[in-house]
Amino acid sequence: MARVFAYKTRSHEGRHVDGFLEADSEAAAVGILRARNLFVVDVRPATDAGGTSRFNISLESLFRPKVTLRELAIFCRQFSVMLEAGVPVFQSLNILAEQTEKSAFKQAIGKVVEQLEGGFGLAESFRLFPRIFPPVFTSMIEAGEVSGTLELVLGRLAVHFEKEHEIREQVRGAMMYPAVVLLIAFMAVTILMIWVIPGFEKLLADMKADLPLPTRFIFGVSRFVRHFWWAPPAVAVLFILSLKYFFGSTIGGKELWDRAVLRMPIVGTVARKVIIARFARTLGSMVKSGVPILAALEVVRKTAGNAVASRAIGETMESVSEGGAIAGLLEKSGVFPPMVTRMVAIGEETGAMESLLEKVATFYDQDVDQAVKRLTVTIEPVLIVLVGVVVGSIILSILIPMFSIYSSYR
């Protein structure tokens, strides 16, 4: 398995060249450097270089090491425009580094320039920053280097990241409304429990009213919240962290969650459409850029965003490596509908897979937009009813004994 090594070298002109490279061993790293006509001064695992981590990391890169899809899209678009205008790669990257505001991104671009000066390839240099430049980026850059169409590949990457950003913002926007409504509902219930209900509890106690079970329950919850206000947030945080660990960090939990999401009404439909749009767009862009089909499928598997889809794509890779077809296993997975698998099958037969995948991606991009709007429209009344039932139940539990007292006085 390849590891990252930090190195210090000198060129034949006496210029110091420092940086990082991937190799299977320290000896292999030395061999790579010598093959580039560099005099090796020092080579060591990157995590041991000077007692620091692999790169100089600022506070910003610690707390927000990743670059947003929008920033990647702008970077690719500007890089492509400069290359089309005839600006050399070194100069283009230096310009982009100077105008980049995020320090982690700026440092990464600067390190890429240093790697290029040391004789490394562009894709190989970008690959040293996997948290900033994703696999789809480095794979397509490598294909662009080999084919000599780097500016075209960067243009396709810009479109790819722009579409991914649009879909992510649509889904995030759809989730924002229910999050705000639930937060307001939580605040309203908290106010009732801490400040409103105790007054009614004292009033009914003074009247020596016979309290029904729902009222006693609400009063008990109110007393618990007032005396042990720290318990519900602590339990909620522990519960959320436990769920996040199980469903996010364990293979079985992640697959269980992703499978459940795909089976949810409405939400599952949106998730499935997002997966299909991402699959078609990523695979189509990479095949069009000249990336080998197995390498393209491996990147698509990593970026699928769903464990069930990743498993299906992984099984498809095994079939393709043995000479099988892509469409058959995709159809058996149950994630991809017949329209997608048939289009892929036709693309395999005719050799026009990239154009057909682009059409599928365009269709599902539009379909995701409509599905997200339908999700928002559906969630709105459900949340209103849910909040109304919770708040109404609390108020009704207080009014029932009040009505009983009023009836007894009459």
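Presented here is an overview of the structure given in this document. (Residues numbered from 1 in each chain as written. Predicted model: local features only at pLDDT ≥ 70, side-chain atom pairs only at ≥ 80, totals over all residues. Heavy atoms only, no water.)

**Notes on the overall build of the chain**
Reasoning step 1: Within the chain one finds 17 helices and three strands.
Reasoning step 2: Its C-alpha atoms give the chain a radius of gyration of 29 Å, more than 25% over the compact-globule value 22 Å for 410 residues.
Reasoning step 3: Each principal axis of the C-alpha distribution contributes one length, and for the chain these read about 105 × 55 × 40 Å.
Reasoning step 4: Residues counted as buried form 40% of the 410 residues belonging to the chain.
Reasoning step 5: By sequence separation, contacts in the chain at least 24 residues apart represent 61% of the contacts at least 6 residues apart.
Reasoning step 6: Counting only carbon and sulfur atoms, one obtains 63% of the accessible surface of the chain, whose full area is about 22,600 Å².
Reasoning step 7: Measuring between centres, the 44 positive side-chain charges of the chain sit 8 Å from its 40 negative side-chain charges. (Helix = DSSP H or I, 4+ residues; strand = E, 2+ residues; numbered from the N terminus. Rg over C-alpha atoms; globule rule 2.2 N^0.38 Å. Buried < 20%, exposed > 50% of the residue type's maximum accessible area, 1.4 Å probe, protein only. Contact = heavy atoms within 4.5 Å. Areas by Shrake-Rupley, 256 points an atom, 1.4 Å probe, with all protein chains shown as cover. Lys, Arg positive; Asp, Glu negative; His and termini not counted. Charge placed at Lys NZ, Arg CZ, Asp CG, Glu CD.)

**Section: the side chain of Arg 278**
Reasoning step 1: By secondary structure assignment, the location of Arg 278 is in helix H12 (residues 267-288).
Reasoning step 2: Its relative accessible area of 16% is what places Arg 278 among the buried residues.
Reasoning step 3: A polar contact is formed between the side chain of Arg 278 and the backbone oxygen of Ala 304, at a distance of 3.1 Å.
Reasoning step 4: Setting aside residues up to four positions removed in sequence, Arg 278 forms contacts with Glu 164, Thr 303, Ala 304 and Gly 305. (Polar contact = N/O pair within 3.5 Å; in protein donor to acceptor, adjacent residues only side chain to side chain.)

**Topic: the nonpolar core**
Reasoning step 1: Among the nonpolar cores identified, the biggest contains 83 residues, and Phe 75, Leu 93, Phe 126, Phe 133 and Phe 137 are the most heavily contacted of them.
Reasoning step 2: Ignoring any residue separated from it by four or fewer positions in sequence, one finds Phe 137 in contact with Phe 75, Cys 76, Phe 126, Leu 154, Leu 157 and Phe 161. (Core = buried A, V, L, I, M, F, W, Y, C linked by side-chain atoms within 4.5 Å.)

**As for a nonpolar patch on the surface**
Reasoning step 1: Side chains of Ile 395, Leu 396, Leu 399, Ile 400 and Phe 403 sit close together on the surface and give an oily, nonpolar patch of about 430 Å² of accessible area.
Reasoning step 2: Examined against the element boundaries, Ile 400 turns out to sit in helix H17 (residues 353-409).
Reasoning step 3: For Ile 400, a relative accessible area of 34% puts it in the partly exposed group. (Patch = residues over 30% accessible without salt bridge, like charges linked within 9 Å, V, L, I, M, F, W, Y side chains within 5 Å. Salt bridge = Lys/Arg side-chain N within 4 Å of Asp/Glu carboxyl O.)

**Re the pattern of salt bridges**
Reasoning step 1: Taken as a whole, this structure holds 19 salt bridges when the rule is applied.
Reasoning step 2: Note that Glu 71 and Lys 102 form a salt bridge whose closest N and O atoms lie 3.1 Å from each other. You can see Glu 71 sitting in helix H3 (residues 69-84) and its partner Lys 102 sitting in the loop between helix H4 (89-99) and helix H5 (103-117), a full 31 residues away along the chain.
Reasoning step 3: Overall, Glu 71 belongs to the partly exposed group, its relative accessible area being 25%.
Reasoning step 4: Among the salt bridges present, the one from Arg 281 reaches Glu 164, with a minimum N-O distance of 2.5 Å. With Arg 281 in helix H12 and Glu 164 in helix H8 (residues 150-206), this residue pair connects regions lying 117 residues apart in the sequence. The exposure classification of Arg 281 matches that of Glu 164, with both residues buried.

**Brief notes about helix H13 (residues 293-302)**
Reasoning step 1: Of the positions making up H13, those classed as buried are Ala 296, Leu 297, Val 299 and Val 300. Viewed end-on, H13 has its buried residues packed into an arc of 160°, placing them on one side of the element.
Reasoning step 2: Buried residues along H13 sit against helix H7 (135-147), H12, helix H14 (307-321) and helix H15 (326-333). (Arc of directions from axis to C-beta.)

**Structural notes on the packing of helix H10 (residues 231-249) against helix H11 (residues 251-263)**
Helix packing geometry: the angle between the two helix axes and the distance between the axes.
Reasoning step 1: With their axes 5 Å apart at the nearest point, H10 and H11 run at an angle of 90° to one another. The orientation of H10 with respect to H11, classified from their angle, is roughly perpendicular. Contacts from Phe 246, Phe 247 and Ser 249 of H10 reach H11 at Ile 251, Gly 253, Lys 254, Leu 256 and Trp 257.
Reasoning step 2: For the contact of H10 with H11, the per-class residue count stands at five nonpolar, two polar and one charged. (Axes fitted to C-alpha atoms, helices over the stretch in contact; angles between N-to-C directions. Parallel < 35°, antiparallel > 145°, perpendicular 65-115°, else oblique. Nonpolar A, V, L, I, M, F, W, Y, C, P; charged D, E, K, R; others polar.)

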